[in-house]
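Residue-level structural notes
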Amino acid sequence: MATKLETAQVSLPSDSEVSVMRSFDAPAALVYRAYTEPELMQRWLLGPEGWTMPVCEMDVRVGGRYRWRWRSAEDGSEFGFHGEFLEVEPEARLRHTEVFDPGDTGENMGDEPATVTVTFEERDGVTTVTTLVDYGTKASRDAALGTGMTDGMEVSYKKLDELLAKGIG
């Protein structure tokens, strides 16, 4: 029987990296869909309450680009990310660049693009997702951590739990 991680496990494998591991009670095929289909991502990748994801454009293939943008219902502030897919192994692995656009939030996550590797490992119907973000420098990693990103990720993961429990169709 697979052991399910009920909350995100955060570690710092190097001076420039953040690793976030979380398990979901669903097969890898469904979790992968939730990570790669815009209409599904817009239902769970929202962070703290009061945020929406009005822009979620994804061309999930090597060389394909993506653009994500979030908006606060409270004050209308926005931020986003964009980048390019470097590796796409359906139901197993995604790797992409990540460029932070602070919009009007005033947040800082460093100046260089990060590289994000997401792996999906299924065992006994439980899929463990590991997200490894390499910011290139300790300063950029620490700036990203300072935004509360891992707390926002866990809020989103709880929404993904709910989506997977309801069935994503």
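Let me begin by describing the structure that accompanies this report.

As a further point, take the overall build of the protein. The helix and strand tally for the protein stands at four helices and eight strands. Listing each helix as α and each strand as β along the protein from the N terminus yields β-β-α-α-β-β-β-β-β-β-α-α. Relative to the globule expectation of 15 Å for 169 residues, the C-alpha radius of gyration of the protein, 15 Å, shows essentially globular dimensions. Across its three principal directions, the C-alpha atoms of the protein cover 45 × 35 × 30 Å. The buried share of the protein, reckoned over its 169 residues, is 45%. In the form shown here, the protein has an accessible surface area of approximately 8,400 Å², with 49% of it arising from carbon and sulfur atoms. The distance from the centre of the 17 positive side-chain charges to the centre of the 31 negative ones in the protein is 3 Å.

Our focus in this paragraph is the packing of helix H1 (residues 28-36) against helix H4 (residues 149-166). The N-to-C vectors of H1 and H4 enclose an angle of 125°; their axes lie 11 Å apart at closest approach. Relative to H4, the element H1 lies oblique. Handedness of the crossing formed by H1 with H4: right-handed. Contact residues: Leu 30, Val 31, Ala 34 and Tyr 35 in H1; Tyr 157, Leu 160 and Leu 164 in H4. When its residues are assigned to classes, the contact of H1 with H4 shows seven nonpolar, no polar and no charged.

So, on to the pattern of salt bridges. Under the counting rule described, the total for this entry stands at 15 salt bridges. We note a salt bridge from Glu 57 to Arg 67, for which the minimum N-O separation is 3.3 Å. Remark: Arg 67 occurs in strand S4 (residues 65-72) and Glu 57 occurs in strand S3 (residues 51-58); sequence separation between them is 10 residues. Taking the relative accessible area as the measure of exposure, Glu 57 reaches 42% and is therefore partly exposed. Overall, Arg 67 belongs to the partly exposed group, its relative accessible area being 37%. Several salt bridges converge on common partners, so that one network encompasses Arg 22, Glu 154, Lys 158 and Asp 161.

In this section: the side chain of Lys 159. Turning to its location among the elements, Lys 159 is positioned in helix H4. Within the local environment of Lys 159, its side chain forms a polar contact with the side chain of Glu 49, the two groups lying 3.1 Å apart. Residue contacts for Lys 159: discarding those within four places in its chain leaves Arg 43, Trp 44, Leu 46, Gly 47 and Glu 49.

This structure, assessed with the given rule, holds 14 aromatic pairs. Ring geometry for Tyr 32 and Phe 120: centres 5.5 Å apart, planes at 75°, overall edge-to-face. Of the two residues, Tyr 32 sits in helix H1 while Phe 120 sits in strand S7 (residues 114-123), which places them 88 residues apart along the sequence. You'll find Tyr 32 and Phe 120 in the same group, each marked buried. With a centroid separation of 5.1 Å and an interplanar angle of 15°, the aromatic rings of Trp 70 and Phe 79 are classed as stacked. Among the residues examined, Trp 70 registers a relative accessible area of 6% and is labelled buried. The class of Phe 79 is buried, set by a relative accessible area of 19%.

Our next topic: unusual backbone geometry. Unusually for a residue other than glycine, Glu 91 sits at a positive phi of about 65°. Within the secondary structure layout, Glu 91 lies in the loop between strand S5 (78-89) and strand S6 (93-101). Among the residues examined, Glu 91 registers a relative accessible area of 42% and is labelled partly exposed.

Rules used throughout
Numbering of residues starts from 1 in each chain and follows the order in which that chain's sequence is written. At least 70 in pLDDT is required for a residue's local features to be given in this predicted model, at least 80 for side-chain atom pairs to be given and counted, and no such filter applies to totals for whole chains, interfaces and linings, which use all residues. As a convention, hydrogens and water are excluded, and side-chain values are obtained from all of the structure's heavy atoms. Each helix corresponds to a stretch of at least 4 residues labelled H or I by DSSP, and each strand to a stretch of at least 2 residues labelled E; elements are numbered beginning at the N terminus. The quantity called the radius of gyration is restricted to C-alpha atoms. Its globule counterpart is 2.2 Å times the number of residues to the power 0.38. Under the scheme applied here, a residue whose accessible area is under 20% of the maximum for its type counts as buried, over 50% as exposed, and between as partly exposed, the area being computed with a 1.4 Å probe on protein chains only. Using the Shrake-Rupley algorithm and a 1.4 Å probe, accessible areas are obtained, with residue cover drawn only from the displayed protein chains. Charge assignment in this entry is limited to Lys and Arg as positive and Asp and Glu as negative, and neither His nor the chain termini are counted. In plain terms, the charge of a residue is placed at NZ if it is Lys, CZ if Arg, CG if Asp and CD if Glu. To define axes, lines are fitted to C-alpha atoms, for helices over the stretch in contact only, and angles between the resulting N-to-C directions are given on a 0 to 180 degree scale. To sort the angles, those under 35 degrees are grouped as roughly parallel, those over 145 as roughly antiparallel, those from 65 to 115 as roughly perpendicular, and the leftovers as oblique. Take the far helix as your reference; a near helix turned counterclockwise from it by less than a right angle gives a left-handed crossing, and one turned clockwise gives a right-handed crossing. Contacts are assigned to residue pairs with any non-hydrogen atoms lying within 4.5 Å of each other. Under this grouping Gly is polar, as are all residues other than the nonpolar Ala, Val, Leu, Ile, Met, Phe, Trp, Tyr, Cys and Pro and the charged Asp, Glu, Lys and Arg. Criterion for a salt bridge: a side-chain nitrogen of Lys or Arg within 4 Å of a carboxyl oxygen of Asp or Glu. Think of a polar contact as two N or O atoms within 3.5 Å of one another; within protein, one of them needs to be a possible hydrogen donor and the other a possible acceptor, and neighboring residues in sequence only count if both atoms come from side chains. Side-chain rings of Phe, Tyr and Trp (the six-membered ring for Trp) are treated as a pair once their centres are within 6.5 Å; stacked means planes under 30 degrees apart, edge-to-face means over 60, and tilted covers the remaining angles.

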